Amino acid sequence: MNQKYGISKEEFERVLHTYGESIIRLAFMYVGNKQTAEDIVQDVFLKAFEQQKSFRGESSYETYLYRMTINRCHDHFRSWSFKNLFLTNESVNYAENVSSAETKAMVNFETTVLWEQLQTLPLKYREVLILHYYEELNIEKIANLLSVSPNTVKTRLRRAKNRLKDTLSKVGEVNG
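S.K.: How should the overall build of the protein be read in this particular structure?
M.R.: Per the secondary structure count, the protein includes seven helices and zero strands. Sequence-ordered secondary structure for the protein, helices as α and strands as β, is α-α-α-α-α-α-α. Of all 176 residues assigned to the protein, the portion counted as buried reaches 39%. A fraction of 67% describes how many contacts in the protein between residues 6 or more apart in sequence connect residues 24 or more apart.

Okay, here's the thing in structure tokens:
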């Protein structure tokens with residue numbers, strides 16, 4: 001172990017390979033832009049490496065990295081306006097394996113609408129949806145990451161789903 005840092009360079013590289021993709025995915029789900037997400041994750045890993053000795057081990061290193069990523073995403077939102085985010089073809093293409101062009105177009109449209117409506121939710125609701133459904137974290141882990149009670153997470157999830165359901169039904173009425 002390197003005396004200057006809390007873990008060796010090799011161990012830190014292992015951490016990068018182990019958690020890198022999930023941290024990038026988390027940042028992307030928050031900010032909606034691949035390049036911005038990669039920049040945020042680069043900042044997070046650089047800061048994590050520089051501040052290794054300050055990691056107290058009160059949680060797993062994965063939780064520590066998730067918390068740093070969420071905080072950095074929040075910083076990003078405070079410094080930039082994201083009221084009119086749109087899903088681009090480059091960002092997410094869930095329809096790659098769909099056979100017909102019509103089906104692909106429908107899946108892309110539905111994904112775009114869902115993404116746009118998700119982005120309209122207040123951050124406190126959007127983040128619990130992202131962490132629970134996209135990152136597949138349980139209620140306890142989300143509560144720990146966000147420094148709130150599990151009941152708060154459950155309430156935010158319920159409210160977020162209700163708001164999303166309401167806005168999606170209104171979009172369906174307009175487009176139907």
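S.K.: Where do I start with a positive patch on the surface in this structure?
M.R.: Together, Lys 124, Arg 158, Arg 159 and Arg 163 line one region of the surface with positive charge. Per-element tally for the positive patch: the top contributor is helix 7 (residues 150–175), with three residues. For Arg 163, the location among the structural elements is in helix 7.

S.K.: Hey, could you run me through the pattern of salt bridges in this one?
M.R.: Where charged atoms of side chains with opposite charge meet at close range, the side chains can pair. Taken as a whole and assessed by the stated rule, the structure comprises three salt bridges. Put simply, Glu 38 and Lys 34 hold a salt bridge, and the shortest N to O gap is 3.7 Å. Of this pair, Glu 38 and Lys 34 both sit in helix 2 (residues 34–50), separated by four residues, roughly a single helical turn. According to the relative accessible area criterion, Glu 38 is partly exposed, its value standing at 30%. Take Lys 34: its relative accessible area is 47%, and that puts it in the partly exposed class. The partner of Lys 141 in a salt bridge is Glu 62, with the nearest N and O atoms 3.2 Å apart. On the criterion of sequence distance, the pair formed by Lys 141 in helix 6 (residues 139–146) and Glu 62 in helix 3 (residues 61–79) is long-range, its members being 79 residues apart.

S.K.: Explain the packing of helix 5 (residues 123–134) against helix 6 here, please?
M.R.: Two packed helices can be described by the angle between their axes and the distance between those axes. Relative to each other, helix 5 and helix 6 sit at 135°, their axes nearing to 10 Å. As summarised for this structure, helix 5 and helix 6 are arranged oblique, according to the angle between their axes. Crossing hand, helix 5 versus helix 6: right-handed. Judged by residue contacts, Glu 127, Val 128, Leu 131 and His 132 of helix 5 engage Ile 139, Ile 142, Leu 145 and Leu 146 from helix 6. Classifying every residue of the contact of helix 5 with helix 6 gives six nonpolar, one polar and one charged.

S.K.: Whenever I open this one, the nonpolar core confuses me. Can you help?
M.R.: As a rule of thumb, nonpolar side chains are buried together in soluble globular proteins. Among the nonpolar cores identified, the biggest contains 42 residues, and Tyr 30, Leu 65 and Leu 131 are the most heavily contacted of them. Of all elements in the fold, only helix 1 (9–31), helix 2, helix 3, helix 4 (101–120), helix 5, helix 6 and helix 7 reach the threshold of two or more residues within this core. Ignoring sequence-local partners within four residues, the contact set of Leu 131 consists of Leu 26, Tyr 30, Tyr 66, Ile 70, Glu 136, Leu 137, Ile 142, Leu 145 and Leu 146.

S.K.: Help me understand unusual backbone geometry in this model?
M.R.: If a residue is not glycine, its phi is most likely negative; likewise, a peptide bond is most likely trans. The backbone phi angle of Ser 147 is positive, close to 55°, even though this residue is not glycine. Positionally, Ser 147 belongs in the loop between helix 6 and helix 7.

S.K.: Would you mind showing me how to read helix 5 here?
M.R.: Given 3.6 residues per turn, any residue in an α-helix points the same way as the ones three and four places further on. For helix 5, the full list of buried residues reads Tyr 125, Arg 126, Glu 127, Val 128, Leu 129, Ile 130 and Leu 131. Just downstream of helix 5, Glu 136 is the residue with a positive phi angle, here 55°.

S.K.: What should I look at first to understand the packing of helix 1 against helix 5 in this one?
M.R.: The interhelical angle for the contact between helix 1 and helix 5, taken along N-to-C directions, is 145°, at an axis separation of 10 Å. In the crossing of helix 1 with helix 5, the sense of the turn from one axis to the other is right-handed. The segment helix 1 lies against helix 5, with Arg 25, Leu 26, Met 29 and Tyr 30 engaging Leu 123, Arg 126, Glu 127, Ile 130, Leu 131 and Tyr 134. Taken together, the residues of the contact of helix 1 with helix 5 sort by class into seven nonpolar, no polar and three charged.

About the cut-offs
Residues numbered from 1 in each chain as written. Predicted model: local features only at pLDDT ≥ 70, side-chain atom pairs only at ≥ 80, totals over all residues. Heavy atoms only, no water. Helix = DSSP H or I, 4+ residues; strand = E, 2+ residues; numbered from the N terminus. Buried < 20%, exposed > 50% of the residue type's maximum accessible area, 1.4 Å probe, protein only. Contact = heavy atoms within 4.5 Å. Patch = residues over 30% accessible without salt bridge, like charges linked within 9 Å, V, L, I, M, F, W, Y side chains within 5 Å. Areas by Shrake-Rupley, 256 points an atom, 1.4 Å probe, with all protein chains shown as cover. Salt bridge = Lys/Arg side-chain N within 4 Å of Asp/Glu carboxyl O. Lys, Arg positive; Asp, Glu negative; His and termini not counted. Charge placed at Lys NZ, Arg CZ, Asp CG, Glu CD. Axes fitted to C-alpha atoms, helices over the stretch in contact; angles between N-to-C directions. Parallel < 35°, antiparallel > 145°, perpendicular 65-115°, else oblique. Left-handed = near helix turned anticlockwise from the far one by under 90°. Nonpolar A, V, L, I, M, F, W, Y, C, P; charged D, E, K, R; others polar. Core = buried A, V, L, I, M, F, W, Y, C linked by side-chain atoms within 4.5 Å.

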